[in-house]
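Given next are the chains, with one letter for each unit.
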Amino acid sequence: MTHPVPSARHSGPGPAPAPAAAKTGAPPRTRRPHPHLHTLSLLGILAVLVAVGGITEPDAFLDTGNLQLVLTQASVIGVVTVGVTFVITSGGIDLSVGAMVALASVWASTLATQEYGFAGILFTAVLVGVVAGLVNGVLIAYGRVVPFIATLAMLASARGLALMITDGRTQIVTVTPVLDLGLPGSYVLGVPPLVLIFAAVTVAGWLLLNRTTFGRRTVAIGGNAEAARLAGIDVRRQRLYLYLLSGLCCGIAAFMLIVLSGSGQNTAGNLYELDAIAAAIIGGTLLSGGRGTITGSVLGVLIFTTITNIFALNNLQSDVQQIAKGAIIVAAVLVQGRTSRTDT
């Protein structure tokens, strides 16, 4: 004997019950953090560091000359970091930036180059940086060499060539217009010219990454290179351009370093690759690619430079500084990993 199937119609008094929601099996949505939250947190960290410096060494840290020094020191590595941010956003890495700065600075400060004056030094520094970046780009994009290996080889080669050019000696720059850029007399409303160059590169980098097709292609390649290729993006050419851009930034930084030190040395730019990558990661650029922020990278540079300055004013040893930087990098990577899992 079969029993009749109950009718789905509502026959009792009162409003009909709402139909049950269909189960789709979709995971619950997670609330993504506000896009500016990370920037605000970096500003908060920088404000805390400024407060710490003002409390521990109020006379020295808050002195106008010291603040100008902090900004000037941040400018050189900051320009390098702008280029590194683009490379990391695309899913690449550049370990050769410090060596390229050294090579460009010593090549631009030779006696033969100094005979051409200000323009000769600037042109040579930028040209050497661009050519070195071109070599990296060709090896990686068209030679299919892993970025880590290609840039590591450039690091060793550029350092060796810089040592060969200088023979281990410091090359003193005697071109007056170049040296004058580092003197207080050339400051614009109290702002050193090197800081203005850094600001100009930062603005140009921000516009390039956030307001142009070039920037969107860079992010797309970092997120999924194969999908970007299927969408019509020339991935190899884009990667070549990115390493060219990194080399260009290194050339500009080399010129700035010549202005700052008044010389060219084969040891210049030591550990710049560590500082630039660390600043970009601290700023919020994903080490795996697909997301980058110029604003965050600049704040990361300022944070590291301020930490170094505070340690120096308080007579803390350099090894303590390196340990602190390492700890900050590890913490940033851990936070990035947790954030990435939350977003997905």
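An account of the accompanying structure is given in this report.

Conventions we followed
- Residues numbered from 1 in each chain as written.
- Predicted model: local features only at pLDDT ≥ 70, side-chain atom pairs only at ≥ 80, totals over all residues.
- Heavy atoms only, no water.
- Helix = DSSP H or I, 4+ residues; strand = E, 2+ residues; numbered from the N terminus.
- Buried < 20%, exposed > 50% of the residue type's maximum accessible area, 1.4 Å probe, protein only.
- Contact = heavy atoms within 4.5 Å.
- Areas by Shrake-Rupley, 256 points an atom, 1.4 Å probe, with all protein chains shown as cover.
- Expected span 1.5 Å × (residues − 1).
- Polar contact = N/O pair within 3.5 Å; in protein donor to acceptor, adjacent residues only side chain to side chain.
- 1 Å grid on protein atoms, 1.4 Å probe; cavity = no way out; pocket = protein on both sides within 12 Å on 5 of 7 lines; lining within 4 Å.
- Points joined across faces, edges and corners; volume = space filled by probe spheres on them.
- Nonpolar A, V, L, I, M, F, W, Y, C, P; charged D, E, K, R; others polar.
- Phe/Tyr/Trp six-rings, centres within 6.5 Å; stacked < 30°, edge-to-face > 60°.
- Axes fitted to C-alpha atoms, helices over the stretch in contact; angles between N-to-C directions.
- Parallel < 35°, antiparallel > 145°, perpendicular 65-115°, else oblique.
- Left-handed = near helix turned anticlockwise from the far one by under 90°.

## Describing the overall build of the protein
Along the backbone of the protein there are 15 helices and 2 strands. By the burial criterion, 44% of the 344 residues in the protein qualify as buried. The contacts in the protein between residues at least 6 apart in sequence include a share of 79% that link residues at least 24 apart. For the protein, the exposed surface amounts to about 18100 Å²; the carbon and sulfur share of it is 66%.

## What about the environment of L111?
Relative to the helices and strands, L111 resides in helix α5 (residues 111-114). Taking relative accessible area as the criterion, L111 reaches 66% and is therefore assigned exposed. Placed 61 residues apart in sequence, L111 and I172 show a C-alpha to C-alpha distance of 8.9 Å.

## Overview of helix α4 (residues 97-108)
A rise of 1.5 Å per residue sets the reference length of α4, with its 12 residues, at 16 Å; its end C-alpha atoms lie 16 Å apart and thus fit the reference within 8%. Buried within α4 are the following residues: V97, G98, A99, M100, V101, A102, L103, A104, S105, V106 and A108.

## Observations regarding the side chain of S96
Residue position: S96 is located in the loop between α3 (64-89) and α4. Overall, the relative accessible area of 0% leaves S96 in the buried class. A polar contact is formed between the side chain of S96 and the side chain of N136, at a distance of 3.0 Å. Beyond its immediate sequence surroundings of up to four residues, S96 is in contact with N136, T151, M154 and L155.

## What about the layout of surface pockets?
Rolling a probe over the atoms, with the probe sized like a water molecule, indicates the empty space that remains. Looking at the second largest pocket, its volume works out to about 490 Å³. Of all the secondary structure elements, the ones that give two or more residues to the lining of the second largest pocket are α3, α12 (235-261), α13 (272-283), α14 (294-313) and α15 (318-343). When its residues are assigned to classes, the lining of the second largest pocket shows 10 nonpolar, 8 polar and 2 charged.

## Things to note about the packing of aromatic side chains
Using the criterion set out here, one finds 2 aromatic pairs in the structure. Between F86 and F214, the ring centres sit 6.3 Å apart and the planes meet at 50°, which makes this aromatic pair tilted. Taken together, the positions of F86 in helix α3 and F214 in helix α10 (residues 213-223) put the pair 128 residues apart, joining distant regions of the chain. Judged by relative accessible area, which is 19%, F214 ranks as buried. Consider the rings of F118 and F255, whose centres lie 5.4 Å apart with planes at 80°: the pair is edge-to-face.

## Describing unusual backbone geometry
Even without glycine at this site, R144 takes up a positive phi of about 55°. Looking at the secondary structure, you find R144 in the loop between α6 (117-142) and α7 (147-166). Accessibility expressed as a relative area gives 65% for R144, which makes it exposed. The phi dihedral of L271 falls on the positive side, at around 65°, and the residue is not glycine. For L271, the position within the fold is in the loop between β2 (263-264) and α13. Classification of L271 as partly exposed rests on a relative accessible area of 34%.

## Re the packing of α3 against α14
Here α3 crosses α14 at 140°, and the two axes come no closer than 8 Å. One element, α3, and the other, α14, form an angle in the oblique class. For the crossing formed where α3 meets α14, the hand is right-handed. Of the residues in α14, those in contact with N66, V70, L71, Q73, A74, I77, G78, T81, V82, T85 and F86 of α3 are I294, S297, V301, L302, T305, T306, N309 and L313. A class-by-class count of the residues in the contact of α3 with α14 yields 10 nonpolar, 9 polar and no charged.

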